[in-house]
Amino acid sequence: MGKRKRQVPKALQEEEGKIVGMPQKRHYRQRAHANPFADHSLDYPNSPASMDWHAHFPAFYPPPPQSNQDIDMEVQKKVEFADIGCGFGGLLIALAPMFPETLMLGMEIRVSVTQYVSDRITALRLRCRELENQSTGDTDVQEEANEEHKDGPDEGKLTKTVPGGYQNVSVIRGNAMKFLPNFFERAQLSKIFFLFPDPHFKARKHKARIISPTLLAEYAHVLRPGGIVYTITDVKDLHEWMAHHLSAFPLFELIPSDDLRDDPVVEQIKTSTEEGKKVERNGGEKWVACFRRLDDPVR
Amino acid sequence: MSKYPLTRLIFGREASIALAGPHIFVLDSRTGNIRCSTQNISDQSQPHSGGPIQFIATDVDFVHIATIAGDKKLVVWNLSDLQVLSSREIPKRATGLTFTRDGQTIIVSDKFGDVFYYPLHPPPVEETVPPPAPPEPEPSTKRSSLVAHDNKHGELILGHTSIITTFLLTPDEQYIITADRDEHIRVSWYPKGYHIERYCLGSTKFLSALCIPQSDHSVLISGGGDPSLRVWDWMSGKLLGEVPIFEHVRPFLKVKPERKVKGGESGVGRKGRKKRGAKEGEAEKPAEPKAEGGGAGEGEGEDEEKRQNPQTEEAAERAEQQSSEPEDVLVVSKIASFNVEEEKMVLFSAVGASALFYFAYPLSDAPPRYVDFGKPVLDFALGTEGNSIWVSVDGQWHEPAAVNITEDGDVEMSNGPEGEVAVVRHIRWRDGQFHESATKDAPPLFTALNSSCLIEASHKDLAALELYSDLAFLPKSKREEEGEEEGSDPGGEDKQKDKRLGVRALGRQKARMALLRKQNEELEEGQGASSSTGAKGGIKKMVCLRRGFCVNMKGKFMVKV
């Protein structure tokens, strides 16, 4: 918190004529804890099919109401990566250019944090368009780039567009513990991320942990066989808890760390989130555990 | 003096069971004689301490009875002599109870959203290894699986993150279908409940009743707060049809919840409000991280346990609250299929409604029909004759006009003469409709149920039954958007936040306005420019072609892999 305190925020300065700036995290800070069991006034679709995905991925879904073309659900692209509790969106923003053809969605229960990520994605998409539209690399671009942006050197100086133009990433405010099946169909996802989840240290709060024997059934349901659950935390107890429950769950098996070496995603989960960077700064340790979704049981 | 209504009736060829408050009656189905009842047992020997029995179930062969009461004990009895065979503690208040077909396993759902199974008889004491001493954040992973879903006696089948309001096993017992307050119907394997087969999604309100009709085991009928019942192919999750019922039930709703408008969120002391008349909004309060007493997960239903006599509580707190009009709330309480002669139909009842409703299944266009009993229906059950239904009504309920306030300020219900209205009714299907049986036409059980099973109960006892609490408890209210204060904050942070609020909100707003402006500019440009090729311009409409190809900003095709 202390690091972010500033005097008269630059946001209050005039922005006219400047290139659109990235949203600043300090305007969106919210307390880390929100009770997932309470009835927030959340919007969630009745079912995955009734969700307006066009609002999130206009480049991939036709606008409703569907025109003469029905969406052929067999080939319609759907979200494949889900970042549960995506926080400020660091992972998704890093992954989006790596997998430009893959739709990815962050779910976050906190209002303003979701708003931050949403604004950030909007800004990035616009930025990419602007960059594409500029035929030559103007020097203007470089100057204005570092202006408003304090949150990460990379995108502030976004000097060229990235593959996919961030059209494949979006965020939604939602309660993943309660309503995951409302957003994703059976076996839809290929990756689920649980990065630095709330440890809920007290024993009586353990049931609020995002990994539990009961919730694992839901994660297994939306994740396709062969899909991967990625977990990382700096709390050893939580790491052991998650590893234990996932290992004990009949539909998941641990991926040995050797096998993870080839996965470019693993590096991102360690470094690209705000939480991850915080742990680095404080010299903490990070524990990674990844699990593969096994095939469905047969009778 | 008031009497306990019979909250549950179960009929078998030889024996029938009636539940009256804390007492069980086992009657001979032919003669109506009481074979045994818990009334005869001394108070000390009662396995359930005080309070009414909330759930009762029997196995298919009427050998054992299982009961659960507010004391969170699962008690197994011998049906023939009501001898108590075992008593086990369950971790949370139960919301459903059933035997498996072989009678060897008991399944219990609870308010936390878990479903456990228990062997019929607990294993002998020597064999049980007591779980290691209680928990604290010691990083021992061996026990950690116990900590979240702790249960000494039962095994976890599955869990929802919401109160499971009802569940059933499919007839072949290969699947278990569970439904919750958050509109989910989930079909999971049984006993490997960790494998979800399907969700049946589409309900817009809580679920409270499920039924698989006898004539078609691939179909599931669900009901709850939605104005229609839904019919599903549960294996595929596909919705097959709907049956609008609300307008048909509405005229018979005798009991309505009084929903209070909540006062301001932050100002009123949250900790102070512990005991309330049934109101699900309150149930959220202790769920806020601030409260020490209840953990987060318990918040949803915890308050129910603390709820006292709604009448006096409500009266007392009415002054503080702005009370709103009583509204009609639909809570489907039970759905059952009934095949008789050539007819196949589905019966259902609703909490607080005085009629039993039925409609033809397979579905036709005809609206549901009804049999009105004048007083709220509490339970109904198929009789063993094959063409009859037994219905239990709330004999203590009276038209509001009959309530007097005496000089002392006591609320007094004016009762009609005792024998006037039978609390258990009997209807037979004949010639295309139901006919209510008069005493002389009814089986001997009829008289027995209406006379010998009536136990005295005080007002407090009756209130403890919480017969209509679901009307207020199950519906969810949309709380107003709390803005940034979601999930509550301790006081200290509030002040800090308030100061910075202005700055932050302003900052966000500015950024967003700039973005929007930018977006609009581009949109306008894009519309002005020529459409097809990738000329310099703003946002091109993204066209999603049939095969999933995509056109990007420059008009280049991006091939879907």
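Residues numbered from 1 in each chain as written. Chains lettered and ligands numbered in written order. Predicted model: local features only at pLDDT ≥ 70, side-chain atom pairs only at ≥ 80, totals over all residues. Heavy atoms only, no water.

If you open the UniProt record of chain B and go to Subcellular location (unreviewed entry), you find "Nucleus". Taken from UniProt, the Sequence similarities (unreviewed entry) comment for chain B reads in full: "Belongs to the WD repeat TRM82 family." (UniProt positions renumbered as here; feature names shortened; annotations may be inferred.)

Per an unreviewed UniProt entry, chain A goes by tRNA (guanine-N(7)-)-methyltransferase and derives from Botryobasidium botryosum. Under the UniProt heading Sequence similarities (unreviewed entry), the entry covering chain A gives this text: "Belongs to the class I-like SAM-binding methyltransferase superfamily. TrmB family."

With that settled, consider the UniProt feature "binding site: S-adenosyl-L-methionine" (unreviewed entry) in chain A. Residue and element names in this part refer to chain A. On the UniProt side, "binding site: S-adenosyl-L-methionine" (unreviewed entry) is annotated at positions that read Gly 85, Glu 108, Ile 109, Asn 175, Ala 176, Leu 195, Thr 273, Glu 274 and Glu 275 here. Tracing the backbone shows Gly 85 in the loop between strand E1 (79-84) and helix H1 (90-95). The contacts of Gly 85, once residues within four sequence positions are left out, are Met 107 and Glu 108. One can find Glu 275 in helix H10 (residues 274-281). What makes Glu 275 partly exposed here is its relative accessible area of 32%. (Helix = DSSP H or I, 4+ residues; strand = E, 2+ residues; numbered from the N terminus. Contact = heavy atoms within 4.5 Å. Buried < 20%, exposed > 50% of the residue type's maximum accessible area, 1.4 Å probe, protein only.)

On to unusual backbone geometry, then. Residues and elements named next belong to chain B. Residue Pro 191 is reached from Tyr 190 by a cis peptide bond, and omega for that bond is 0°. Inspection of the secondary structure puts Pro 191 in the loop between strand E15 (185-189) and strand E16 (196-200). Of the consecutive residues Tyr 361 and Pro 362, the connecting peptide bond is found in the cis state with omega at 10°. Positive phi, close to 60°, is recorded for Phe 62, a residue that is not glycine. In the Ramachandran plot, Lys 72 falls in the positive-phi region, its phi being about 60° despite a non-glycine side chain. Mapped onto the secondary structure, Lys 72 falls in the loop between strand E6 (64-69) and strand E7 (73-78). On the basis of relative accessible area, Lys 72 is assigned to the partly exposed category, the value being 22%.

Counted under the stated rule, the structure contains 22 aromatic pairs over all chains. Summarising the aromatic geometry, the rings of A:Phe193 and A:Tyr230 are spaced 4.8 Å apart at their centres and angled 20° between planes, so their arrangement reads as stacked. One end of the pair, A:Phe193, is in strand E4 (residues 189-195); the other, A:Tyr230, is in strand E5 (residues 223-233), and 37 residues separate them in sequence. Residue classification places A:Phe193 among the buried positions, given a relative accessible area of 0%. Ring geometry for B:Phe252 against B:Phe357: centres 5.8 Å apart, planes inclined by 70°, an arrangement best described as edge-to-face. In this pair, B:Phe252 sits in the loop between helix H2 (246-249) and strand E21 (260-261) while B:Phe357 sits in strand E25 (residues 355-360), placing the two residues 105 residues apart along the sequence. (Phe/Tyr/Trp six-rings, centres within 6.5 Å; stacked < 30°, edge-to-face > 60°.)

Another aspect to go through is the pairing of strand E11 (residues 114-119) of chain B. All names here are of chain B. In terms of strand pairing, strand E10 (residues 105-110) meets E11 through five bridges, oriented antiparallel. Pairing of Val 108 across the sheet is with Phe 116, part of E11. A loop of three residues connects E10 with E11, the two strands running antiparallel in sequence, and Gly 113 in this loop sits at a positive phi of about 105°. Across four bridges, the pairing between E11 and strand E12 (residues 155-159) is antiparallel. Across the sheet, the residue bridging to Val 115 is Leu 158, located in E12. (Pairing = 2+ DSSP bridges.)

On to the sheet that holds E6(B). Residue and element names in this part refer to chain B. Spatial strand order, E5-E6-E7-E8: four strands in an open sheet with antiparallel pairing. Both outer strands of the open sheet, strand E5 (53-58) and strand E8 (84-89), are each paired with one neighbouring strand and no more. Across the sheet, the mean angle separating the axes of adjacent strands is 20° when strand polarity is ignored. Here E5 pairs with E6 via five bridges, running antiparallel. By the bridge assignment, Ile 56 is partnered in E6 with Thr 67. (Axes fitted to C-alpha atoms, helices over the stretch in contact; angles between N-to-C directions.)

What tends to happen in soluble globular proteins is that the nonpolar side chains get buried as a cluster. Residues and elements named next belong to chain A. Within the largest apolar cluster, 46 residues are counted, with the highest numbers of intra-cluster contacts made by Ile 84, Phe 184, Ile 211, Tyr 219 and Phe 252. Top contributing element to this core by residue count: helix H6 (residues 213-222), with six residues. Excluding residues that lie within four positions of it along the chain, Ile 211 makes contacts with Phe 194, Leu 216, Tyr 219, Trp 241, Met 242, His 245 and Leu 246. (Core = buried A, V, L, I, M, F, W, Y, C linked by side-chain atoms within 4.5 Å.)

A word on the UniProt feature "repeat: WD" (unreviewed entry) in chain B. Residues and elements named next belong to chain B. In the numbering used here, UniProt assigns the "repeat: WD" (unreviewed entry) feature to residues 157-187 and 216-242. The straight-line gap between the two end C-alpha atoms of residues 157-187 is 12 Å; of that span, 0% is helix and 58% is strand. Between the C-alpha atoms that bound residues 216-242 there is a distance of 16 Å. The span itself is 0% helix and 63% strand.

Time to look at the environment of A:Pro100. Residue and element names in this part refer to chain A. Relative to the helices and strands, Pro 100 is located in the loop between H1 and strand E2 (103-108). For the pair Pro 100 and Gly 164, spaced 64 residues apart in the sequence, the C-alpha separation amounts to 4.5 Å. Setting aside anything within four residues of it in sequence, one finds Pro 100 in contact with Phe 60, Pro 163, Gly 164 and Asn 168.

With respect to the helices and strands, A:Asn182 occurs in helix H5 (residues 176-183). Among residues more than four places away in sequence, those in contact with A:Asn182 are A:Tyr44, A:Pro45, A:Asn46, A:Ser47, A:Pro48, B:His184 and B:Leu201.

This brings us to the UniProt feature "active site" (unreviewed entry) in chain A. All names here are of chain A. Sequence positions flagged by UniProt for "active site" (unreviewed entry) are, in local numbering, Asp 198. Note on placement: Asp 198 falls in the loop between E4 and H6. Polar side-chain contacts of Asp 198 include one of 3.1 Å to the backbone nitrogen of His 200. (Polar contact = N/O pair within 3.5 Å; in protein donor to acceptor, adjacent residues only side chain to side chain.)

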